[in-house]
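Residues per chain are reported as follows:
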Amino acid sequence: MRSEPPHITEPQIAAVPDPAAEQAAREVMMGLYARATRAELQAAVERFQPLPQLKRLRPAEAGLIMVQGRTGGDGAPFNLGEATVTRAAVQLAGGATGVSYLLGRDPAKAEAAAILDALWQDAALRLAVTDALTPVRRRLAVEAARAAEETEATKVNFFTMARGED
Amino acid sequence: MYVAVKGGEAAIRNAHALLAKKRRGEESVPEIGLDQIAGQLSLAVDRVMAEGSLYDRELAALAIKQARGDLIEAIFLARAFRTTLPRFGASVPVDTGAMRIERRISATFKDLPGGQVLGPTFDYTHRLMDERLATHASDADAPRQLAPSPRAGEGWGKGEERREADATPAAPMPRVTDLLGGEGLIEPSPADDGTPPRDLTREPLSFPADRPLRLQALARGDEGFLLALGYSTQRGYARTHPFVGEIRFGTVEVSLPVEELGFAVPLGDIAVTECQSVNQFKGSATEPPQFTRGYGLVFGQSERKAMSMALVDRALRFKELGEEKSAPSQDEEFVLSHCDNVQATGFVEHLKLPHYVDFQAELDLIRRMRAEAEAPDEMKEAAE
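Residues numbered from 1 in each chain as written. Chains lettered and ligands numbered in written order. Predicted model: local features only at pLDDT ≥ 70, side-chain atom pairs only at ≥ 80, totals over all residues. Heavy atoms only, no water.

A.B. asks: So what exactly am I meant to see when it comes to the packing of aromatic side chains here?
C.D. replies: Any two aromatic rings considered together are summarised by their centre-to-centre distance and by the angle between their planes. Counted by the stated rule, this structure contains five aromatic pairs over all chains. Note on Phe78(A) and Tyr295(B): the rings are 6.3 Å apart at their centroids and 80 degrees apart in plane angle, and the pair reads as edge-to-face. Of this pair, Phe78(A) sits in strand S2 (residues 77–92) while Tyr295(B) sits in strand S7 (residues 290–299), which puts the two residues in different chains. For Phe78(A), a relative accessible area of 0% gives the class buried. Judged by its relative accessible area of 1%, Tyr295(B) falls in the buried class. Taking 5.3 Å as the distance between ring centres and 45 degrees as the angle between the ring planes, the aromatic pair formed by Phe281(B) and Phe291(B) counts as tilted. Of the two residues, Phe281(B) sits in strand S6 (residues 263–282) while Phe291(B) sits in strand S7, which places them 10 residues apart along the sequence. (Phe/Tyr/Trp six-rings, centres within 6.5 Å; stacked < 30°, edge-to-face > 60°. Helix = DSSP H or I, 4+ residues; strand = E, 2+ residues; numbered from the N terminus. Buried < 20%, exposed > 50% of the residue type's maximum accessible area, 1.4 Å probe, protein only.)

A.B. asks: I tried to follow helix H1 (residues 9–24) of chain B on my own but got confused; where do I start?
C.D. replies: An α-helical segment advances 3.6 residues per turn. Residues three or four places apart therefore align on the same side. End to end, H1(B) covers 23 Å across 16 residues, agreeing with the expected 22 Å (1.5 Å per residue, within 8%). Among the residues trailing H1(B), Gly25(B) stands out with phi positive, at a value near 70 degrees. (Expected span 1.5 Å × (residues − 1).)

A.B. asks: Looking at this model, I keep getting lost on the interface of chain B and chain A. Mind explaining?
C.D. replies: One frequent convention defines the size of an interface as the accessible area lost when the parts assemble. The interface is formed by 79 residues belonging to chain B together with 57 residues belonging to chain A. On the surface where chain B and chain A come into contact, there are eight salt bridges. For Arg82(B), the salt bridge is made with Glu82(A), and the minimal N-O distance between the two is 2.2 Å. The interface formed by chain B and chain A contains 31 residue pairs in polar contact (both at pLDDT 80 or more). (Contact = heavy atoms within 4.5 Å. Salt bridge = Lys/Arg side-chain N within 4 Å of Asp/Glu carboxyl O. Polar contact = N/O pair within 3.5 Å; in protein donor to acceptor, adjacent residues only side chain to side chain.)

A.B. asks: When you look at the pattern of salt bridges in this model, what are you seeing that I'm missing?
C.D. replies: Close approach of charged atoms allows side chains with opposite charge to pair. Residue and element names in this part refer to chain A. Summed over the entire model, instances satisfying the criterion amount to 45 salt bridges over all chains. Notably, a salt bridge pairs Asp117 with Arg26, separated by 2.7 Å at the nearest N-O pair. Placement of the pair is Asp117 in helix H3 (residues 107–120) and Arg26 in helix H1 (residues 19–35), with a sequence separation of 91 residues. Exposure class is identical for Asp117 and Arg26. Each is buried.

A.B. asks: Before we go on, may I ask you to explain the nonpolar core in this structure?
C.D. replies: Grouped burial of nonpolar side chains is what soluble globular proteins tend to show. Formed by 103 residues in total, the largest nonpolar core has its most connected members in Tyr33(A), Leu116(A) and Leu133(A). Here the element with the most residues in this core is H3(A); it accounts for nine residues. Counting residues domain by domain, this core receives three or more from each of domain 1 (10–82) and domain 2 (96–120 + 172–344) of chain B. Sequence-distant contacts of Leu133(A), that is, excluding residues within four places in its chain, are made with Met29(A), Leu32(A), Tyr33(A), Leu41(A), Ala44(A) and Leu116(A). (Core = buried A, V, L, I, M, F, W, Y, C linked by side-chain atoms within 4.5 Å. Domains from an automatic or database assignment.)

A.B. asks: How should I be thinking about the packing of helix H3 (residues 42–52) of chain B against helix H5 (residues 71–82) of chain B in this particular structure?
C.D. replies: Two quantities define a packed helix pair, namely the angle between the helix axes and the distance between the axes. All names here are of chain B. Close contact between H3 and H5 brings their axes to 8 Å; oriented N to C, the two are set at 50 degrees. When the axes of H3 and H5 are compared, the pair comes out oblique. Of the two elements, H3 crosses H5, and the hand of that crossing is right-handed. Across from Ala44, Arg47, Val48, Glu51 and Gly52 in H3, the residues of H5 making contact are Leu71, Ala74, Ile75, Ala78 and Arg79. Of the residues in the contact of H3 with H5, the class split is six nonpolar, one polar and three charged. (Axes fitted to C-alpha atoms, helices over the stretch in contact; angles between N-to-C directions. Parallel < 35°, antiparallel > 145°, perpendicular 65-115°, else oblique. Left-handed = near helix turned anticlockwise from the far one by under 90°. Nonpolar A, V, L, I, M, F, W, Y, C, P; charged D, E, K, R; others polar.)

A.B. asks: Could you clarify how one ought to interpret the pairing of strand S5 (residues 243–258) of chain B in this entry?
C.D. replies: Both faces of the sheet carry side chains from a regular strand, because those side chains alternate between them. All names here are of chain B. Burial within S5 is extensive, with 12 of its 16 residues counted as buried. With five bridges connecting them, strand S3 (residues 100–105) and S5 associate as antiparallel partners. Bridge pairing in S5 places Arg100 opposite Thr251. The pairing of S5 with S6 spans 15 bridges and is classified as antiparallel. (Pairing = 2+ DSSP bridges.)

A.B. asks: What am I meant to see in the environment of Phe299(B) here?
C.D. replies: Residues and elements named next belong to chain B. Relative to the elements of secondary structure, Phe299 occurs in strand S7. Phe299 gets classed as buried once you look at its relative accessible area, which sits at 2%. Sequence separation between Phe299 and Leu54 is 245 residues; the distance between their C-alpha atoms is 8.7 Å.

A.B. asks: I would appreciate a short explanation of the confidence of the model for chain B in the present structure.
C.D. replies: Close reading of the predicted structure is inappropriate where its pLDDT is low. Residue and element names in this part refer to chain B. For chain B, mean pLDDT is 88; residues scoring 70 or higher make up 88% of the total. Scored below 50 in pLDDT, residues 150–158 shows 19 contacts in the model against residues more than four places distant or in partner chains. Low pLDDT, under 50, characterises residues 160–167; the stretch is placed with 16 contacts to residues that sit more than four places away or in other chains. (pLDDT = per-residue confidence, 0-100.)

A.B. asks: It is not clear to me how a positive patch on the surface should be interpreted in this structure. Could you clarify?
C.D. replies: On the surface, a cluster of positive charge is made up of Lys21(B), Lys22(B), Arg23(B) and Arg68(B). Of the residues examined, Arg68(B) reaches a relative accessible area of 48% and is grouped as partly exposed. (Patch = residues over 30% accessible without salt bridge, like charges linked within 9 Å, V, L, I, M, F, W, Y side chains within 5 Å. Areas by Shrake-Rupley, 256 points an atom, 1.4 Å probe, with all protein chains shown as cover. Lys, Arg positive; Asp, Glu negative; His and termini not counted. Charge placed at Lys NZ, Arg CZ, Asp CG, Glu CD.)

A.B. asks: I'm lost on helix H2 (residues 38–46) of chain A in this one. Help?
C.D. replies: All names here are of chain A. Within the span of H2, buried status applies to Glu40, Leu41, Ala44 and Val45. Down the axis of H2, the buried set is contained in an arc of 135 degrees. They therefore lie on one face. Of the surrounding elements, those touching the buried residues of H2 are H1, H3, helix H4 (126–132) and helix H5 (134–152). (Arc of directions from axis to C-beta.)

A.B. asks: Is there a simple way to explain the side chain of Arg317(B) in this structure?
C.D. replies: Structurally, the position occupied by Arg317(B) is in the loop between helix H12 (303–316) and helix H13 (332–338). On the basis of relative accessibility, which here comes to 2%, the residue Arg317(B) falls in the buried class.

Here's what the structure looks like:
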């Protein structure tokens, strides 16, 4: 297993257990699973083989959510349209219950995310799970920076011209 | 009325086989892949997601392929597919203020915080056919290579590590409406009082429709229909004097409150286009004149649709703003009952189904009327 550079760590991990910080950190991880590819998540799960016995509390299933927007961008909500979502829940023998909800229809990806969520909840494995997602974090950062650069290059300054009749 | 008919199974089977053959096209040409449709016909995919009211790029690409590029048929397929899935809940309303911007322009302010960002736009192209695209030569010499970024000394040759270091989230771009709102010159958005919005996929459309319900119908409405209605408002039918305060396109995070977890789970990002129109004034005895607003929000990149939606949203607010009703774009029953292209195509296209009994009755009727009209006068008199 290739070790990752030490400078990329999860800043949300508190030394003293703090439920609010722990939930925030878990949300950050879930955001990473959602933006990872199936292959990336499966590779991350591979690091923890052999896995404890797995109980599929909720086998991965596809469904819909209604995406809401807000009138005027910041006002009363309205129903914009639906999106496909896949969810799964697994329990590791002697461990926590992992849950995943992800955009799209990919049962294998949802199951991998739920396994990682279960592993992450084990304080002893938390750092290792965080570390296993480093390639994802890095790819997303690079892509976001590239996109921001490309967008920035299209920034314009309009100059109003004096009209002929003036 | 149409009636059940029997028979024709073999003909139908053969018609569908022929459809599949036509869909495939010339067999010596490679079959098109969903990744090609999603990646290279992305605006068609966006339209199917918006009007199919179902955000899933891969499904929309599949629908386009299956429909041979007929987008309304593809939208129909997306709508049919959604009925096969359970619904897990409603998202936290997306925050377009926190959008990761790919395009953001304002027609009202030249200089605004965050700037004017053109992004991938057809604007300012010359609409000349590009022969290079016909020959695949575009791969070699099309201007896909961006010129160096305007930031001095920072070219495109940045190393990956440098990009990683830069990857702090960009500051959110303030909405133009917030800039005007700060001075009280523009009406605020209607407040969120915690009422869940009505959902026309769960209850039939009924009138009067409140603004959230209207926005849902418009967001999935036909682009062409809304474009024409929006255009009509500009040409004087319910004139509302619009300016485009802002158009922004980019990605927003979607999250879902999950009861078993007690918090909202981030599900990933979706692309949306938002348009804020700024329209002429409203004032009353108690309130000074203010700019009014129309709003458009659409899945994917479609500013034509988002702008049309904002124009029609504003026109539909005539009553609330004390304006006279004078045009179709203001009539919510007319607009909302006809903007759905799946419903519209269903009713128009049902005319081709067998209407044999109806038509026999009409034939019979017209024959009798003609017979009466052609009968000699004395017979008519005798009959009377």
